[in-house]
Amino acid sequence: MSEAPPASTPSSYLGPARVFSGMQPTGGLHLGNYLGALVKFVRLQDTQDCIYCVVDLHAITADANPATLAQQTREVAAAYIAAGVDPKKSVIFVQSAVLAHTELAWIFNCVARMGWLERMTQFKDKAGKHAERSSVGLFDYPVLQAADILAYKATHVPVGEDQKQHLELSRDIAQKFNNDFAAPGFFPLPEPLIQGPGARIMSLRDGKKKMSKSDPSDASRINLTDDADAIAQKLKRATTDPHPLPETVEGLEGRPEVENLIGIYAALANVDAAAVLAEWGGKGFGAFKPALADLAVARLAPIAGEMRRLTADPAALDAILRDGADRANAIAAPIMDDVRRIVGFWR
Ligand code: TYM
């Protein structure tokens, strides 16, 4: 029997606001990761206390790949910095370098209920028909995610729409911990920051499928490491329909591929879909796609160049990541001391 999640009551948390987010080092990052999350990481660091993690512990829940994991971890860190996350303003670090994540995940394993995790759609999607052959880690993935956030008492989490359910689970775990251990307001109930036209970028081949690293077709996504030619080619070949662009947002109904391209344009140009349609409504894709390609190349090509420069000097990246781990540890250590005391561990 699964216990129902605690009713969502307003948090009595009174601590400071803090932003936390992370990305998995499994294969290269793509336009969805950039528009759904990275752009927000950069924007938030000017006004908030921000912690950005490369979640290598999550990366081994599916296929372990020891030969490439460290390199891919550096690549994600390089993408953060190349996109504009400033290691002086924000903490950038690797999850496995801070032990608080695994310790708190264990404690949360004993707070979260099986029934809550059984409802996670991402597990169902990733495990497919072979749930019994999936790793326990894949099932437990969202509990570790809750630990990532709450080890720092983070209050706000910039993510794409696909992480909404995991964030709800993080809130349920925080609330149940506070209730079970009679520690009202100890953990904040973290808020997802999802809004914006980039929250759900779809495949360039199929407007009903999310743009994803795991799609076998490379033409379905724009990788952050793609060069200008590849970006332009993929956008020009993106699936559309023979009709001109609609004049209004309502006209996008039932045209998911068109809606996706408009969303990408809007996110890259930092406007809303209505503004894009005010300019392009009634025109054809023959004119729109090259303009979209130019916009994408102007935004993404400098990031790819900067990523190449950063990954060519792994020692410099490692120094940034070590400094980030020290700073992350310093924030998590007193919180974990309190957690151990609250749980009643021998000390
Ligand atoms: P990951 O590595 O799959 O994706 C990283 C971020 O990119 C967003 N994203 C997208 N946004 C818009 N459109 C898309 N097509 C798209 N694809 C991916 C994701 O929503 C995410 O924000 N579980 C997380 C990593 C994680 C995490 C955390 C995030 C681990 N611990 C703690 C926040 C806080 C994940 O797998 O992201």
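Presented here is an overview of the structure given in this document. (Residues numbered from 1 in each chain as written. Predicted model: local features only at pLDDT ≥ 70, side-chain atom pairs only at ≥ 80, totals over all residues. Heavy atoms only, no water.)

## Describing the nonpolar core
Moving on, step 1. Counting 58 residues, the largest nonpolar core has Tyr-34, Leu-38, Tyr-80 and Phe-288 as the members making the most contacts within it.
Moving on, step 2. In terms of residues, this core owes the most to one element, helix 12 (residues 285–311), which gives nine residues.
Moving on, step 3. Beyond its immediate chain neighbours, meaning those up to four positions away, Leu-38 contacts Met-23, Leu-29, Asn-33, Ala-79, Tyr-80, Ala-83, Val-85 and Leu-224.
Moving on, step 4. Membership of the second largest hydrophobic core comes to 51 residues, among which are Val-91, Ile-107, Ala-127 and Phe-186. (Core = buried A, V, L, I, M, F, W, Y, C linked by side-chain atoms within 4.5 Å. Buried < 20%, exposed > 50% of the residue type's maximum accessible area, 1.4 Å probe, protein only. Helix = DSSP H or I, 4+ residues; strand = E, 2+ residues; numbered from the N terminus. Contact = heavy atoms within 4.5 Å.)

## Here we look at the packing of aromatic side chains
Moving on, step 1. Within this structure, the stated rule accounts for 16 aromatic pairs.
Moving on, step 2. Between Phe-186 and Phe-187, the ring centres sit 4.7 Å apart and the planes meet at 70 degrees, which makes this aromatic pair edge-to-face. Across the pair, Phe-187 and Phe-186 agree in class, each one buried.
Moving on, step 3. Each ring, one from Phe-285 and one from Phe-288, has its centre 6.4 Å from the other, and the planes form 80 degrees; the classification is edge-to-face. (Phe/Tyr/Trp six-rings, centres within 6.5 Å; stacked < 30°, edge-to-face > 60°.)

## Topic: the pattern of salt bridges
Moving on, step 1. By the definition in use, this model includes 17 salt bridges.
Moving on, step 2. Between Asp-318 and Arg-74 there is a salt bridge, with its nearest N and O atoms 2.8 Å apart. One end of the pair, Asp-318, is in helix 13 (residues 314–343); the other, Arg-74, is in helix 3 (residues 69–83), and 244 residues separate them in sequence.
Moving on, step 3. Since its relative accessible area comes to 19%, Asp-318 is described here as buried.
Moving on, step 4. Two residues, Glu-191 and Arg-171, come together in a salt bridge whose shortest N-O distance is 3.9 Å. Taken together, the residues span a long stretch of sequence, with Glu-191 in strand 5 (residues 191–193) and Arg-171 in helix 8 (residues 164–180) at a distance of 20 residues.
Moving on, step 5. Each of Asp-218, Arg-221, Asp-226 and Lys-234 takes part in a single network of salt bridges with overlapping partners. (Salt bridge = Lys/Arg side-chain N within 4 Å of Asp/Glu carboxyl O.)

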